[in-house]
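If you want the building blocks of each chain, they are given just below.
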Amino acid sequence: MSIIIYTKSNCVQCDTTKHALDRRGIAYQLINLDIQPEATGELRTLGYRQVPVVITPDDSWSGFRPDKIAALRQPAAVSE
């Protein structure tokens, strides 16, 4: 599963979102808008005005959303 989190430095909701995904063992890619400000225009075009913005293969949202995070599937266990 490919998850992207658009974040900013010193963002409490961003940090809480990352920690929640870390606790579930869900991998993600970070795009820090302080370092890559060009990505801000793309998010505004999509209608987002606050961070974090989480993009998954099936959904997207902004802000800390524990309900959405809980709905994400954890990586499948490797069976032998």
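Now for a look at the structure at hand. (Residues numbered from 1 in each chain as written. Predicted model: local features only at pLDDT ≥ 70, side-chain atom pairs only at ≥ 80, totals over all residues. Heavy atoms only, no water.)

1. A closer look at the pattern of salt bridges
In step 1: Tallied over the full model, the rule gives four salt bridges.
In step 2: Note that aspartate 59 and lysine 68 form a salt bridge whose closest N and O atoms lie 2.8 Å from each other.
In step 3: Take aspartate 59: its relative accessible area is 29%, and that puts it in the partly exposed class.
In step 4: Taking the relative accessible area as the measure of exposure, lysine 68 reaches 23% and is therefore partly exposed.
In step 5: When the shortest N-O distance is used, the salt bridge between arginine 65 and aspartate 67 registers 2.8 Å.
In step 6: Under the relative-accessibility criterion, arginine 65 is labelled partly exposed at 29%. (Salt bridge = Lys/Arg side-chain N within 4 Å of Asp/Glu carboxyl O. Buried < 20%, exposed > 50% of the residue type's maximum accessible area, 1.4 Å probe, protein only.)

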